[in-house]
Amino acid sequence: MGADNGAVKVGYVVVAVVCGGLLAVQGWVNGQLGAGLGDGVAAAAISTLGGLVVLGVVLPLTSSGRRGIARFRDGLRTRELLWWQCLGGVCGALFIAGQGIAVSTLGVALFTVAAVTGQLLSGLLVDRAGIGPGGQQAITGWRILGAAIAVVAVVVSLNGDIGAAGKVWLVILPAVAGFGLAWQSAMNGLVRQTAGNSFLAALVNFGVAMATLLVAFVVDLAIRGWPTRAPSEWWLYTGGLYGIFVISGGVLVVKAIGVLLLSLCTVAGQLGGAVLLDLVVPARGTELTVASVLGTVITLVAVVVAAIPERSERMTA
């Protein structure tokens, strides 16, 4: 039984790592679309709308999807699921908007390192508060040290650009967005727990994210006007499809492995994918630097350190 449980947990970990890799690809695609449109908010709205339309059309056509919708409605009516627990998509909207705004300037690697720092810090607090479906988990010394190392990684990745106010602002954006990802995972996990369907949780996430981005897009239009150009490459409009699997995969495993471990595994996939993308297909106007690679390596060290259990945890595991 123990071996079977171990194999299942390894499977969950693999799913989380793959989701991280897809998140890096989504970031690259949305960043390219944002650069092509000249508007990161518009790129985020287009990406989210794509995922929302696919899920909104496909899910009601399946029996499991219809059951999930019914359970979700019942959960809200009986208050098994509270309305604010459905708002994980607000953080998702901020993250996707950050991809469209910042990736084309920072590159995927530096964007990911900054976002990872926020994820680690948020994962500590969310697990400690017991907000997610996996329950409460202690803040250990190793986890605190890992988060601190991740902060160092961001500074290293910035290298000599730390004095450039514009770039520092762009780094703060993914850090704040990354901070929200752990809370998003916890909320989406609660929706999945109620509905019994990972894709329904993803649909709710996309719906809330779309509503949030529509407000931001209206403000963006009032300030900047409608984008004057649109890239012709069809694959730049597929970011939402990656998001479907990132969200649904995350809510599938979060109860079993906890918010922090989900964040750590996702981070590993993000970092590996980000470096490969910046190496093979760098975003317009960016290139993979030694500082970015070093920051990525340091962040991976932070992930490993944060994953080390305390002695008491090992004894009770």
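Described in the following lines is the structure provided in the data block. Since we're looking at a predicted model, the values are computed, not measured.

1. Quick look at helix α10 (residues 290-307)
In step 1: Counted at 1.5 Å a residue, the expected span for α10 with its 18 residues is 26 Å, and the 26 Å between its end C-alpha atoms agrees.
In step 2: Within the sequence span of α10, burial applies to Ala291, Ser292, Gly295, Thr296, Ile298, Thr299, Ala302, Val303, Val305 and Ala306.

2. Remarks on empty space enclosed by the protein
In step 1: Taken as a whole and assessed by the stated rule, the structure comprises 2 cavities of 30 Å³ or more.
In step 2: The calculated volume of the largest cavity comes to roughly 330 Å³.
In step 3: Lining the largest cavity are 23 residues, and of these Leu23, Leu181, Gln184, Val246 and Ile247 lie nearest its centre.
In step 4: For the lining of the largest cavity, the elements supplying multiple residues, two or more each, are α1 (2-37), α4 (88-106), α7 (165-195), α8 (198-224) and α9 (239-280).
In step 5: Broken down by element, the residue count for the lining of the largest cavity peaks at 9 residues, all from α9.
In step 6: Here the residues of the lining of the largest cavity are counted per class, giving 12 nonpolar, 11 polar and no charged.
In step 7: For the second largest cavity, the calculated volume is near 40 Å³.
In step 8: The wall of the second largest cavity is formed by Leu23, Ala24, Gly27, Phe95, Gln99, Val108, Phe111, Thr112 and Gln270.
In step 9: Elements with a contribution of two residues or more to the lining of the second largest cavity: α1, α4 and α5 (108-129).

3. Things to note about the nonpolar core
In step 1: Core analysis: the biggest nonpolar cluster contains 37 residues, and Phe95, Leu106, Val108, Leu120 and Val171 have the highest contact counts within it.
In step 2: Contributions of two or more residues to this core are made by α1, α4, α5, α6 (141-158), α7, α9 and α10.
In step 3: With 9 residues, α5 is the single largest residue contributor to this core.
In step 4: Of all hydrophobic cores here, the second largest spans 29 residues; its members include Ala182, Leu203, Ile244 and Val251.

4. Brief notes about the pattern of salt bridges
In step 1: Here the structure, examined in full by the defined rule, presents 2 salt bridges.
In step 2: For Asp74, the salt bridge goes to Arg77, with nearest N and O atoms at 3.0 Å. In this pair, Asp74 and Arg77 are both assigned in helix α3 (residues 63-78), 3 residues apart and thus about one turn of the helix distant.
In step 3: When the shortest N-O distance is used, the salt bridge between Asp220 and Arg224 registers 4.0 Å. Remark: Arg224 and Asp220 occur in helix α8; sequence separation between them is 4 residues, near one turn of the helix.

5. Details of the packing of helix α2 (residues 40-58) against α4
In step 1: Look at α2 against α4: their axes get within 7 Å of each other, and the N-to-C directions meet at 130°. Classified by the angle their axes make, α2 and α4 are oblique. Considering only the axes of α2 and α4, their crossing is right-handed. Seen from α2, the contacting residues are Gly40, Val41, Ala44, Ser47 and Thr48; seen from α4, they are Ile96, Ala97, Gly100 and Ile101.
In step 2: Of the residues contributing to the contact of α2 with α4, the split by class is 5 nonpolar, 4 polar and no charged.

6. What about the environment of Leu59?
In step 1: Looking at where Leu59 falls in the secondary structure, it is placed in the loop between α2 and α3.
In step 2: Each C-alpha atom of the pair Leu59 and Asn197 lies 10.0 Å from the other, and the pair is 138 residues apart in sequence.

7. A look at unusual backbone geometry
Backbone geometry follows two general trends: most residues other than glycine have a negative phi, and most peptide bonds adopt the trans configuration.
In step 1: Phi at Arg79 is positive, roughly 65°, even though this residue is not glycine.
In step 2: Inspection of the secondary structure assignment puts Arg79 in the loop between α3 and α4.

8. Some words on the packing of α4 against α5
In step 1: Two numbers describe how α4 lies on α5: the axes approach to 8 Å, and their chain directions differ by 135°. As the angle between them shows, α4 and α5 are arranged oblique. Once α4 is placed against α5, the crossing between them reads as right-handed. In this structure, α4 uses Phe95, Gly98, Gln99, Ala102, Val103 and Leu106 to contact α5, whose residues at the interface are Val108, Leu110, Phe111 and Ala115.

9. Regarding the environment of Cys19
In step 1: Along the chain, Cys19 turns up in helix α1.
In step 2: On the accessibility criterion, Cys19 (6% relative accessible area) is buried.
In step 3: C-alpha of Cys19 to C-alpha of Thr266: the two residues are 247 residues apart in sequence and 6.1 Å apart in space.
In step 4: Here Cys19 is in contact with Phe245, Val246, Gly249 and Gly250, once residues within four sequence places are set aside.

10. Thoughts on the packing of aromatic side chains
In step 1: Applying the stated criterion across every chain, the model contains 3 aromatic pairs.
In step 2: Judged by centre distance (5.6 Å) and plane angle (65°), the rings of Phe95 and Phe111 are edge-to-face. Here Phe111 lies in helix α5 and Phe95 lies in helix α4, a separation of 16 residues in the sequence.
In step 3: Geometrically, the ring pair formed by Phe217 and Trp226 is edge-to-face, given 5.6 Å between the ring centres and 65° between the ring planes.
In step 4: Among the residues examined, Trp226 registers a relative accessible area of 61% and is labelled exposed.

About the thresholds
Residues numbered from 1 in each chain as written. Predicted model: local features only at pLDDT ≥ 70, side-chain atom pairs only at ≥ 80, totals over all residues. Heavy atoms only, no water. Helix = DSSP H or I, 4+ residues; strand = E, 2+ residues; numbered from the N terminus. Expected span 1.5 Å × (residues − 1). Buried < 20%, exposed > 50% of the residue type's maximum accessible area, 1.4 Å probe, protein only. 1 Å grid on protein atoms, 1.4 Å probe; cavity = no way out; pocket = protein on both sides within 12 Å on 5 of 7 lines; lining within 4 Å. Points joined across faces, edges and corners; volume = space filled by probe spheres on them. Nonpolar A, V, L, I, M, F, W, Y, C, P; charged D, E, K, R; others polar. Core = buried A, V, L, I, M, F, W, Y, C linked by side-chain atoms within 4.5 Å. Salt bridge = Lys/Arg side-chain N within 4 Å of Asp/Glu carboxyl O. Axes fitted to C-alpha atoms, helices over the stretch in contact; angles between N-to-C directions. Parallel < 35°, antiparallel > 145°, perpendicular 65-115°, else oblique. Left-handed = near helix turned anticlockwise from the far one by under 90°. Contact = heavy atoms within 4.5 Å. Phe/Tyr/Trp six-rings, centres within 6.5 Å; stacked < 30°, edge-to-face > 60°.

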